[in-house]
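# Remarks on the overall topology
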Amino acid sequence: MNFQLSEEQQMLVDMARQFAAQQVAPGAEHRDQTGTFPSDLIAPLAEQGFLGMLVPEADGGSDMGYVNYALALAEIAQACASTAVTMAVNNLTASAVATFASAELRAEVLPDLCSGAGGQVGAFALSEPHCGSDAAALRTKAERDGDDYIINGAKQWITNGSYASWVLVMARTGEGTRGISAFLVPGDAAGLIVGPEERKMGLKGSNTVPLTLENVRVNQRYRVGDEGIGFRIAMDALDGGRIGIGSQALGIGRAALVEAARYMEERKAFGQPLNRHQALQFMIADIGTDLEATRLLMLKAASLRDQGEPMTQAASMCKVYASEACCRAVDSALQIHGGYGYVQDYAIERLYRDARVTRIYEGTSEIQRVVISRNVLKGS
Ligand code: CAA
């Protein structure tokens, strides 16, 4: 067993780190303070190949696989968590299209998603105002009308919704989990109404909106896969997406560690720098251990995905551990800053707010435990 990254993987990490430091980190505070979407970063992210990392080259992607995706995304997240989730949801959407859509549809949609055409990205629309965790309770309906479907319903918490070239919409074409189908709706489709931006606690640079679909007409060729497999598509996409949120959490946690270490070096108490105080050194030890465990769970889930092995349980373990470890990390790092951690002059205040949602979106910690316990009990 070898825990080292390969030379290529290390090169990618170095490249992503440099890109993140030079292009992503400088605007992170501004994006947070002003709620500005990272429009200026969409083309540069595409140039690095970071928008189509899970899409074959033949379909316009960079086809780097999940391990590389997770490693690169953690670097972006360390610089700016808002930019990371923008990138993550685009990759999630693109990978679902690459896996399940017809060749004709892949050829139409994926070049847009991988290139960030027009500064736009992909969005994934599963949750609805009345259901998030219980995804199968969705009510959005797609009714057949000749060669078309007419879609009506409401979607909630849609990341990238205002800037979407394409929205992957899960809608009901029948009863139960086998009565859900997936459709690609163009962002400018008539009847697709973008609601007001949510006033979130953190990730203020990312875009989160409700979407209403009022008699949105899409040709049947925009259905992704067969009728009735939409729930499976969504669950499979989320298995991959949960690795992405694990990576995002790792990046935020690492940023918190860097901020804490810097503050501990600068600040003195009782005649010595904070980093000489054992109570605080122990906090750093716990953060470091948590982040390393996160990294290993992330790499395991990503590597299983790359090998085409079952990885639902590994993805949920990665996501629940990473998000909770990240929240512990930002909490300890803020505590180390004392009162200064509670004001906006220090980056840890932003990191603390950005971290919290990692325990909620792409499946709450409780849903990850449902998935894990089902798998553990099945396997025992
Ligand atoms: N991969 C493929 N298929 C899967 C699957 C997986 N990981 N998990 C379940 N399925 C299939 C099952 O095999 C089953 O198929 P059949 O009907 O053919 O047998 C079907 O899906 C139904 O499965 P379940 O009975 O397990 O379904 P359930 O209703 O009990 O739900 C759940 C399971 C895990 C709780 C699921 O509802 C879930 O993950 N909920 C959380 C939803 C979520 O994560 N939402 C996030 C929104 S997106 C977001 O946040 C993105 C963003 O913008 C940042």
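What counts, and at which threshold
Residues numbered from 1 in each chain as written. Predicted model: local features only at pLDDT ≥ 70, side-chain atom pairs only at ≥ 80, totals over all residues. Heavy atoms only, no water. Helix = DSSP H or I, 4+ residues; strand = E, 2+ residues; numbered from the N terminus. Expected span 1.5 Å × (residues − 1). Bend = angle between axes of the 7 residues up to and from the residue. Buried < 20%, exposed > 50% of the residue type's maximum accessible area, 1.4 Å probe, protein only. Axes fitted to C-alpha atoms, helices over the stretch in contact; angles between N-to-C directions. Parallel < 35°, antiparallel > 145°, perpendicular 65-115°, else oblique. Left-handed = near helix turned anticlockwise from the far one by under 90°. Contact = heavy atoms within 4.5 Å. Core = buried A, V, L, I, M, F, W, Y, C linked by side-chain atoms within 4.5 Å. Near = heavy atom within 4 Å. Polar contact = N/O pair within 3.5 Å; in protein donor to acceptor, adjacent residues only side chain to side chain. Areas by Shrake-Rupley, 256 points an atom, 1.4 Å probe, with all protein chains shown as cover. Nonpolar A, V, L, I, M, F, W, Y, C, P; charged D, E, K, R; others polar. Domains from an automatic or database assignment. Salt bridge = Lys/Arg side-chain N within 4 Å of Asp/Glu carboxyl O. Phe/Tyr/Trp six-rings, centres within 6.5 Å; stacked < 30°, edge-to-face > 60°. Lys NZ or Arg CZ within 6 Å of the ring centre and 35° of its normal.

## Section: helix 7 (residues 230-266)
Between the first and last C-alpha of helix 7 there are 53 Å, a value that for 37 residues agrees with the 54 Å anticipated at 1.5 Å per step. Taken as a whole, helix 7 carries its principal kink of about 25° at Asp-239. With 27 of 37 residues buried, helix 7 is to be regarded as a mostly interior element.

## A look at the packing of helix 5 (residues 81-100) against helix 7
Taken N-terminus to C-terminus, the directions of helix 5 and helix 7 make an angle of 155°; their axes are 9 Å apart at the nearest point. Overall, the two elements helix 5 and helix 7 adopt an arrangement that is roughly antiparallel. Once helix 5 is placed against helix 7, the crossing between them reads as right-handed. Residues Ala-81, Ala-84, Val-85, Leu-92, Ala-96 and Phe-100 of helix 5 lie in contact with helix 7, whose contacting residues are Arg-232, Ile-233, Asp-236, Ala-237, Leu-238, Gly-241, Gln-248 and Ile-252.

## Looking at the nonpolar core
Counting residues in each nonpolar core, the largest one holds 76 residues, and the members touching the most others are Phe-124, Ile-151, Met-170, Leu-184, Val-185 and Val-224. At 13 residues, the largest contribution of residues to this core is made by helix 7. Setting aside its immediate chain neighbours within four residues, Leu-184 contacts Val-97, Leu-105, Val-109, Trp-166, Val-167, Leu-168, Val-218, Tyr-222 and Val-224.

## Considerations on the environment of Pro-111
You can see Pro-111 is positioned in helix 6 (residues 103-115). Here Pro-111 falls in the partly exposed class, since its relative accessible area comes to 38%. Separated by 97 residues in the primary sequence, Pro-111 and Asp-14 place their C-alpha atoms 26 Å from one another.

## With respect to unusual backbone geometry
If you check the backbone angles, Trp-157 has positive phi at about 60° while not being a glycine. Looking at the secondary structure, you find Trp-157 in strand 3 (residues 148-159). Judged by relative accessible area, which is 52%, Trp-157 ranks as exposed. Residues other than glycine seldom take positive phi values, yet Asn-215 does so here, at roughly 50°. Structurally, Asn-215 is set in strand 7 (residues 208-219).

## Thoughts on the site of the ligand
Within the structure, the ligand sits among 25 residues, and Ser-133, Thr-159, Arg-242, Glu-362 and Arg-374 are positioned closest to it. Between the ligand and the protein, one listed contact pairs a nitrogen atom with a side-chain N or O atom of Asp-239 at 2.9 Å. Interatomic distance of 3.3 Å between a side-chain N/O atom of Thr-312 and a nitrogen atom of the ligand. Calculation on the ligand without its partners gives an accessible area of 1100 Å², and the protein chains cover 73% of this total. Every element with two or more residues in the shell around the ligand is listed here: strand 3, helix 7 and helix 11 (365-379). Ranked by residues supplied to the shell around the ligand, first place goes to helix 7 with 7 residues. Here the shell around the ligand is composed, by residue class, of 11 nonpolar, 7 polar and 7 charged. A domain split of the shell around the ligand shows at least three residues from each of domain 2 (123-228) and domain 3 (231-379).

## Quick word on the environment of Asp-226
Inspection of the secondary structure puts Asp-226 in the loop between strand 8 (223-224) and helix 7. Once the C-alpha coordinates of Asp-226 and Ser-102 are considered, the two residues, 124 residues apart in sequence, prove to be 9.7 Å apart.

## Considerations on the pattern of salt bridges
For the structure on display, the rule yields 14 salt bridges. Put simply, Arg-305 and Asp-236 hold a salt bridge, and the shortest N to O gap is 3.3 Å. Taken as a pair, Arg-305 in helix 8 (residues 278-306) and Asp-236 in helix 7 lie far apart in primary sequence, 69 residues in all. Relative accessible area serves as the criterion here: at 17%, Arg-305 is assigned to the buried category. With a closest N to O distance of 3.2 Å, Arg-295 and Glu-292 form a salt bridge.

## Things to note about the packing of aromatic side chains
For the structure on display, the rule yields 8 aromatic pairs. Both rings, one in Phe-37 and one in Tyr-163, keep their centres 3.8 Å apart while their planes meet at 5°; by these two values the pair is stacked. Residue Phe-37 is located in the loop between helix 2 (28-34) and helix 3 (39-47), and its partner Tyr-163 is located in the loop between strand 3 and strand 4 (164-172); the two are separated by 126 residues in the primary sequence. Residue Phe-37 is classed as buried on the basis of its relative accessible area, which comes to 6%. Tyr-163 gets classed as partly exposed once you look at its relative accessible area, which sits at 27%. A centroid spacing of 5.7 Å and a plane angle of 55° characterise the contact between Tyr-340 and Tyr-346, whose relative ring orientation is tilted. The exposure class of Tyr-340 is partly exposed, given its relative accessible area of 39%. Pairwise contacts between aromatic rings join Tyr-263, Tyr-340 and Tyr-346 into one cluster. Taking the ring centre of Tyr-321 as reference, the NZ or CZ of Arg-328 above it sits at 5.6 Å.

So, to be careful, I would describe these as geometric facts and stop short of saying anything about function.
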